[in-house]
Amino acid sequence: MRALPAVAGGDVRTATYEGRPVWIVTADLPLLWELWELSGSRSWSLKGPAIDRLAVTVDQQTRLPVRMQSWYKGVLFSETRLENVRVNVALPSNAFTLVFPPGTKVSRHDMGFRSVSLGGAAARVGYSLPVPTKVPAGCTLSQVAVGPKADSRTGSSAPQETDVVSLRYARGFDAVIVTTRRVEHPQQFAQKDALGYYYGMPWSGSFSVPQGGYVPGPAVVRLTAGALAGSRARLVTGPLILPHLWAVKGHLLLTIAGAATKDELVAMANSMKTYQGSKGATP
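Quick caveat, the model's predicted, so the values are computed rather than measured.

S.K.: Any chance you could break down the overall build of the protein chain for me, citing the residues and the numbers?
M.R.: On a plain count of helices and strands, the protein chain comes out with two helices and 18 strands. Evaluated residue by residue, the protein chain yields a buried proportion of 35% over its 283 residues. Of the roughly 16,500 Å² of accessible surface on the protein chain, a fraction of 55% belongs to carbon and sulfur atoms.

And the structure:
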């Protein structure tokens, strides 16, 4: 939603929805098409639903998207709503308790992450842990998690990513996640998006393009300060994309993703400093 006003046709206005002050964010979206080359022939197909305009109604107090509408050529395609929103009301102790029906098969997955203090995270990884000294206004460190040094469940004797530290900075329902990890092949992230997004290239066998051009890839920003100074950061923002940044220095991969603007993402990356210990920084 932060990215939508920056695109063509983007707009933000204030209004009232179900008696609550809201922002209404609207933006025109490019239609995504996919080109496939099969045995020398080319064919085009629409990638995903045909949506050319999005309108999101955001509750000002909670920052919750209480209504999302998508349009195609002036016709409403879909609408999702949250109704009867109430804030700061008393809830019973079992309000969020899940009760599974008898006979239901429940699958549990443990990816190996554990919540620790910031000092505990710094002590458990094999590198000097960088942390941001500048975060978006109102954000505070709410959780620190550490991943295993190696994941034998992958069946690989040389894990691609180890010593993962994830820091969550929250402001109400908004959050920015800062992650550092050791990577075996750092050069792959010069082209590969660290969050798994795909960008079309005109010389590849298949690629995605919007009307009028190719899907834009990441912008390259040279970091000028902090623990990753001198490295090239890749910055991605746009409609329907989680704003994020990633950078590599040596074998250390940094990712920053969440409710932040382009300037805030870059400022956080430039503010990364080696953790020296601070009681105030421990969530």
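S.K.: Break down the pairing of strand β12 (residues 174–183) for me, citing the residues and quoting the values.
M.R.: Remember that side chains alternate between the two faces of the sheet whenever the strand is regular. Of all 10 residues in β12, eight are buried, a share of seventy percent or more. Note that strand β11 (residues 161–171) and β12 share nine bridges and pair antiparallel. Its bridge partner lying in β12, Ser166 is registered against Thr179. A loop of two residues connects β11 with β12, the two strands running antiparallel in sequence, and Gly172 in this loop sits at a positive phi of about 65 degrees. Pairing analysis gives seven bridges linking β12 to strand β17 (residues 252–258), with the strands arranged antiparallel. Looking at β17, one finds that Arg182 is bridged to Leu252.

S.K.: Give a description of unusual backbone geometry that names residues and reports values.
M.R.: The residue Asn84 is not glycine, and still its phi comes out positive at about 55 degrees. Inspection of the secondary structure puts Asn84 in the loop between β7 (75–81) and β8 (114–115). With a phi angle near 50 degrees, Asp163 is a residue other than glycine that sits in the positive phi range. Along the polypeptide, Asp163 turns up in strand β11. A relative accessible area of 4% places Asp163 in the buried class.

S.K.: Lay out the sheet that holds β8 in plain terms, naming residues and giving numbers.
M.R.: Each strand in a sheet pairs with another by means of backbone hydrogen bonds, the pair being arranged parallel or else antiparallel. Judged by pairing direction, the sheet is antiparallel, and its eight strands sit side by side in the order β8-β10-β11-β12-β17-β16-β15-β14 without closing on themselves. The sheet terminates laterally at β8 and β14 (219–222), the two strands that pair on one side only. The pairing of β8 with strand β10 (residues 140–146) spans two bridges and is classified as antiparallel. By the bridge assignment for β10, Arg114 is matched with Val146.

S.K.: Account for the side chain of Asp59, naming residues and giving values.
M.R.: Inspection of the secondary structure assignment puts Asp59 in strand β5 (residues 53–59). A polar atom in the side chain of Asp59 sits 3.3 Å from the backbone nitrogen of Gln61. Residues in contact with Asp59, not counting those within four places in the same chain, are Arg20, Pro21, Val22, Trp23, Leu64 and Val66.

S.K.: I'd like to hear about the pattern of salt bridges, residue by residue, with values.
M.R.: Evaluation of the coordinates by the stated rule reveals eight salt bridges. A salt bridge links Arg63 to Asp174, with the shortest nitrogen-to-oxygen separation between them at 3.1 Å. Taken together, the residues span a long stretch of sequence, with Arg63 in the loop between β5 and β6 (65–72) and Asp174 in strand β12 at a distance of 111 residues. Taking the relative accessible area as the measure of exposure, Asp174 reaches 13% and is therefore buried.

S.K.: Explain the confidence of the model for the protein chain to me, and be specific about the residues and the numbers.
M.R.: Of the residues in the protein chain, 76% reach a pLDDT of 70 or more, and the chain-wide mean stands at 81. Of all secondary-structure elements in the protein chain, the lowest mean pLDDT belongs to strand β13 (residues 206–210), at 39, while strand β9 (residues 130–132) reaches the highest, 97. Low pLDDT (under 50) marks residues 152–159, which in the prediction has seven contacts with non-local residues, meaning those over four places away or in another chain. The low-confidence segment residues 200–215, where pLDDT is below 50, has 37 contacts with residues more than four positions distant or belonging to other chains.

S.K.: Hey, could you go over the sheet that holds β5 for me, with residue numbers and the actual values?
M.R.: The five strands are arranged β1-β2-β5-β6-β7 in an open sheet whose pairing can be described as antiparallel. With partners counted over all chains shown, the strands left at the sheet margins are β1 (11–17) and β7, one partner each. Within the sheet, the average angular offset between the axes of one strand and its neighbour, ignoring direction, is 20 degrees. Examined bridge by bridge, β1 and strand β2 (residues 20–28) share seven bridges and lie antiparallel to one another. Note on β2: the bridge partner recorded for Tyr17 is Arg20.

Rules behind the numbers
- Residues numbered from 1 in each chain as written.
- Predicted model: local features only at pLDDT ≥ 70, side-chain atom pairs only at ≥ 80, totals over all residues.
- Heavy atoms only, no water.
- Helix = DSSP H or I, 4+ residues; strand = E, 2+ residues; numbered from the N terminus.
- Buried < 20%, exposed > 50% of the residue type's maximum accessible area, 1.4 Å probe, protein only.
- Areas by Shrake-Rupley, 256 points an atom, 1.4 Å probe, with all protein chains shown as cover.
- Pairing = 2+ DSSP bridges.
- Polar contact = N/O pair within 3.5 Å; in protein donor to acceptor, adjacent residues only side chain to side chain.
- Contact = heavy atoms within 4.5 Å.
- Salt bridge = Lys/Arg side-chain N within 4 Å of Asp/Glu carboxyl O.
- pLDDT = per-residue confidence, 0-100.
- Axes fitted to C-alpha atoms, helices over the stretch in contact; angles between N-to-C directions.

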